Amino acid sequence: LMEHLVEGARQLGLSLSPRQIRAFQVYYQELVAWNERFNLTAITGYREVQLKHFLDSLSCLLAIAEWRGGSRPPGAPSHRLALESGSLSARVIDIGTGAGFPGLPLKIVCPRLKLTLLEATRKKVTFLEHIVDLLGIKGVEIIHGRAEEWGRKPAYREGFDLVLARALAELPTLAEYTLPFCRLGGMVIAPKGDEVWMEVRAAENALAILGGRLRKVIPVELFGLAEARSLVLIDKVAATPPKYPRRPGIPAKRPLR
Ligand code: SAH
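Residues numbered from 1 in each chain as written. Predicted model: local features only at pLDDT ≥ 70, side-chain atom pairs only at ≥ 80, totals over all residues. Heavy atoms only, no water.

## Let's talk about the nonpolar core
So the rule is basically this: The set of buried Ala, Val, Leu, Ile, Met, Phe, Trp, Tyr and Cys residues whose side-chain atoms join them within 4.5 Å is what this entry labels a nonpolar core. The buried label goes to any residue with under 20% of its type's maximum accessible area, the exposed label to any with over 50%, and the partly exposed label to all in between, with areas taken from a 1.4 Å probe on protein chains only. Helix numbers and strand numbers start at the N terminus; a helix is a DSSP run of H or I with at least 4 residues, a strand a run of E with at least 2. Throughout, a residue-residue contact means that at least one pair of heavy atoms, one from each residue, lies within 4.5 Å.
Counting 56 residues, the largest nonpolar core has Phe24, Phe54, Leu104 and Ile189 as the members making the most contacts within it. Looking at which element gives the most residues to this core, the answer is helix α2 (residues 18–38), with 8 residues. In this view, Leu104 contacts Tyr27, Leu115, Leu117, Leu128, Ile131, Val132 and Ile137; residues no more than four positions away in its chain are not counted. Ala165, Leu179, Cys182 and Val217 belong to the second largest nonpolar core, which has 30 residues in total.

In structure tokens:
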């Protein structure tokens, strides 16, 4: 079961338990079964889901390790990721999580995370409620709503250590969606494709306005995937001004420049 994921995770320094492997297997089956009615994802092949959804989500652990302890010294044991995943209890929010990526795979391997999943499309929220219930995962809050609205609520504003967003928007828009949720000293993690430097440059001003600062771009090569990936890490270094995020639709329509 899940042999591509298991090998890919192993290469990241993580050894998945039989329970975790079964959870991913059930997640896969439900994703594909629900996809026929709900149109959750274009990626449905057994191998592809393991690599492009599950393993790609788990690669965020490389960013989390960086946030917790600086970069790994050369030659240091990669099983540090495994040690960290068990004890990590950060408050994490995944913005525009879709069918749960990257938040839910991370929660499966880091059971102590306090995870909030935010998603604007009702049918995707219905799937998330179903899969979290079916897998018996505790400590997950699922919200149907938009980042522009929830990022203004006092209980959510600057209330998270880590803010995740994959395939949500280009960086200037993504930054306006995510940085309001991030506490000072926290970090935004955005898994992206290969050629990300143009996008990063285009976001410099938006980051400065919103209280973010580029920390680094981590190049990621994942088992079984030809295309290189990268993780964009943004530190939260100053409070986000109260006028952000702007009203729903504006961050995408008129990205900060
Ligand atoms: N993160 C998932 C889904 C990416 S698609 C993955 O990587 O597979 C982008 C998702 O973000 C969609 O499900 C869309 O409904 C949601 N979304 C887009 N804009 C949003 C917003 N402003 N607030 C909350 N969710 C949003």
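## Things to note about the packing of aromatic side chains
As a reminder of what qualifies: Aromatic pairs are defined between Phe, Tyr and Trp rings, using the six-membered ring for Trp, whenever the two ring centres lie within 6.5 Å; interplanar angles under 30 degrees are classed as stacked, those over 60 as edge-to-face, and all others as tilted. Here, over-ring charges are defined by two tests on the NZ atom of lysine or the CZ atom of arginine: distance to the ring centre within 6 Å, and angle to the ring normal within 35 degrees.
For the coordinates displayed, the defined rule picks out 11 aromatic pairs. Consider the rings of Phe24 and Phe54, whose centres lie 5.0 Å apart with planes at 50°: the pair is tilted. Of this pair, Phe24 sits in helix α2 while Phe54 sits in helix α3 (residues 46–58), and the two are 30 residues apart along the sequence. Chaining the aromatic ring pairs together yields one cluster made of Phe24, Tyr27, Trp34, Phe38, Phe54, Phe101 and Phe127. Over the ring of Trp150 we find Lys153; its NZ or CZ atom is 4.5 Å from the centre of that ring.

## Focus on the site of the ligand
Test applied: Being near a molecule or strand, for a residue, means having at least one of its heavy atoms within 4 Å of it. Under this definition, polar contacts are N or O atom pairs within 3.5 Å; protein pairs additionally need one hydrogen-donor-capable and one acceptor-capable atom, and for neighbouring residues in sequence, both atoms have to be side-chain atoms. Calculation of accessible area relied on Shrake-Rupley with a 1.4 Å probe; when residues are assessed, cover is drawn exclusively from the protein chains displayed. Site definitions follow a grid-based scheme: protein atoms alone, a 1 Å grid, a 1.4 Å probe that fits but cannot get out for cavities, and for pockets an open set with protein on both sides within 12 Å along at least five of seven lines, plus lining residues having an atom within 4 Å of a point. By definition, a pocket or cavity contains a molecule when more than half of the molecule's atoms lie within 2 Å of the pocket's grid points. Three residue categories are used. Nonpolar comprises Ala, Val, Leu, Ile, Met, Phe, Trp, Tyr, Cys and Pro, charged comprises Asp, Glu, Lys and Arg, and polar comprises the others, including Gly.
In the region of the ligand, 16 residues are neighbours, and Gly96, Phe101, Glu119, Glu148 and Arg166 sit closest. Between Ala147 and the ligand, the recorded distance is 2.9 Å, taken from a backbone N or O atom to a nitrogen atom. Between the ligand and Glu148, the relevant distance is 2.9 Å, taken from a nitrogen atom to a side-chain nitrogen or oxygen of the residue. When the ligand is considered free in solution it has 570 Å² of accessible area, and contact with the protein chains removes 82% of it. Judged by the fraction of its atoms near the pocket grid, the ligand is located in the largest pocket. Tallied by class, the residues present in the shell around the ligand amount to 6 nonpolar, 5 polar and 5 charged.

## Describing the sheet that holds strand β6 (residues 212–220)
For clarity, the cut-off: Think of it this way: DSSP has to see at least two bridges between two strands before they count as a pair. Where helices are involved, their axes are fitted lines through C-alpha atoms of the stretch in contact, as for all axes, and angles between N-to-C directions lie from 0 to 180°.
Taken together, the 7 strands give an open sheet; going across it, the order is β3-β2-β1-β4-β5-β7-β6, and neighbouring strands pair in mixed fashion. Strand pairing shows two members of the sheet lacking a second neighbour, β3 (140–144) and β6, which therefore form its edges. Sheet twist, expressed as the mean angle between neighbouring strand axes with direction ignored, is 20°. For strand β1 (residues 91–95) and strand β4 (residues 160–164), the ladder comprises 3 bridges, and the chain directions are parallel. Across the sheet, residue Asp94 finds its bridge partner in β4, namely Leu164.

## With respect to the environment of Ile43
In this fold, Ile43 is placed in the loop between α2 and α3. In this structure, the C-alpha to C-alpha distance between Ile43 and Gly224, residues 181 residues apart in sequence, is 15 Å. The contact partners of Ile43, leaving out residues within four places of it in the chain, are Glu48, Val49, Lys52 and His53.

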